[in-house]
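What the coordinates show
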Amino acid sequence: MSAEAVRVGVGRLDTTERPGLVLVDCQNLFTLDPAVDEAVAACGRAAAAAREAGVPVVWLRVVFDEGEDLGPVWTAKAPALTQLRPGAELAGFDPRVGYVEGEPVVTKKRASGFVRTDLDDLLHDLDVHTLAVAGFTTAGCVRATVVDAASLDYAPVVLADAVADRSRQIHDAALVDLDARYADVVPDGAAWFGALGTSAR
């Protein structure tokens, strides 16, 4: 018996059909490190460029109500997330990312924006197929959201300049893996939206 070897990273999704932008956890807790400043600014540029192109912008955030636990994994791995309480400064959007009042905000309790949320329904209502993703962190909640987006048959696009992680090595490895398996990784988010023009929708 013979079979073609399984290979990854051999093709491109190469689509801009019905685009949308999801910004993942652009909250003060995740943007405290000056090492992510460039990605924070790039998130703001990408959001502005998406609006200019008429593309819907959706924001994800992690917030835990009082008495609500993190679940077994985050309790062990990331107990600092208990600081993300309603109204806490650390839970708010970093002002540099340019959140605009009235844009949809989806609150999540786990890494992926699709787990136990209405994100999928919202994106369908917005008629989104090509899902551009930016935010924090690359190998954490960004990656989890992108993998689930691919599983739900969206066409994910990761904006490389607008994502960051605590470790450059982890960030780089996550982008290589995402580009190979689940998404198209593009270097400049604002430029990607700019190339769509104003008739993207």
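Everything in this summary refers to the structure shown in the same document. (Residues numbered from 1 in each chain as written. Predicted model: local features only at pLDDT ≥ 70, side-chain atom pairs only at ≥ 80, totals over all residues. Heavy atoms only, no water.)

1. Comments concerning the layout of surface pockets
In this approach the atoms are scanned with a rolling probe the size of a water molecule, which exposes any empty space left behind. In plain terms, the rule: Space inside and on the surface of the protein is sampled on a 1 Å grid over the protein atoms alone, with a cavity defined as a set of points where a 1.4 Å probe fits but cannot get out and a pocket as an open set with protein on both sides within 12 Å along at least 5 of 7 lines; lining residues have an atom within 4 Å of a point. Grid points are joined across faces, edges and corners, and a volume is the space filled by probe spheres set on the points. Under the scheme used here, helices are H or I runs from DSSP no shorter than 4 residues and strands are E runs no shorter than 2 residues, and both carry numbers assigned from the N terminus. Think of it as three bins: nonpolar holds Ala, Val, Leu, Ile, Met, Phe, Trp, Tyr, Cys and Pro, charged holds Asp, Glu, Lys and Arg, and polar takes everything else, Gly as well.
Here the largest pocket is characterised by a volume of approximately 330 Å³. Around the largest pocket, the lining is made up of 16 residues, and of these Trp74, Thr137, Gly140, Cys141 and Arg166 lie nearest the centre. Put simply, the parts of the chain that give the lining of the largest pocket at least two residues each are α2 (72-77) and α4 (138-151). In terms of residue count, α4 provides more of the lining of the largest pocket than any other element does, three residues in total. The set of elements that each furnish at least two residues to the lining of the second largest pocket consists of α1 (37-52), β5 (155-164) and α5 (168-181). In terms of residue class, the lining of the second largest pocket is made up of seven nonpolar, two polar and five charged.

2. Details of the sheet that holds strand β4 (residues 130-136)
Selection rule: When DSSP finds at least two bridges between two strands, those strands are taken to pair. Each axis is a line fitted through C-alpha atoms, and for a helix only the stretch in contact is used; angles between axes span 0 to 180 degrees, taken between their N-to-C directions.
Read across the sheet, six strands follow the order β3-β2-β1-β4-β5-β6 without closing on themselves; strand pairing throughout is parallel. Where the open sheet ends on each side, the last strands, each with one partner, are β3 (105-108) and β6 (184-186). The average undirected angle you get between the axes of adjacent strands in this sheet is 25°. By the bridge criterion, six bridges tie β4 to β5 in an arrangement that is parallel. If you follow Val133 over to β5, its bridge partner there is Val158.

3. Quick look at the pattern of salt bridges
This is how the line gets drawn: Salt bridges are defined as contacts in which a side-chain nitrogen from Lys or Arg sits within 4 Å of a carboxyl oxygen from Asp or Glu. Only protein chains enter the accessibility calculation, which uses a 1.4 Å probe; a residue is then buried when its area is under 20% of its type maximum, exposed when over 50%, and partly exposed in between.
Considering all chains together, one arrives at 12 salt bridges under this definition. The partner of Lys108 in a salt bridge is Asp25, with the nearest N and O atoms 3.0 Å apart. Residue Lys108 is located in strand β3, and its partner Asp25 is located in the loop between β1 (19-24) and α1; the two are separated by 83 residues in the primary sequence. An identical accessibility class is assigned to Lys108 and Asp25; each is buried.

4. Topic: the pairing of β3
Side chains Val106 and Lys108 project from β3 onto a buried face, and the interleaved Val105 and Thr107 project onto a face without burial. Bridge count for strand β2 (residues 57-62) against β3 is four bridges, and the pairing is parallel. Bridging from a neighbouring strand, Val62 pairs with Lys108 of β3.

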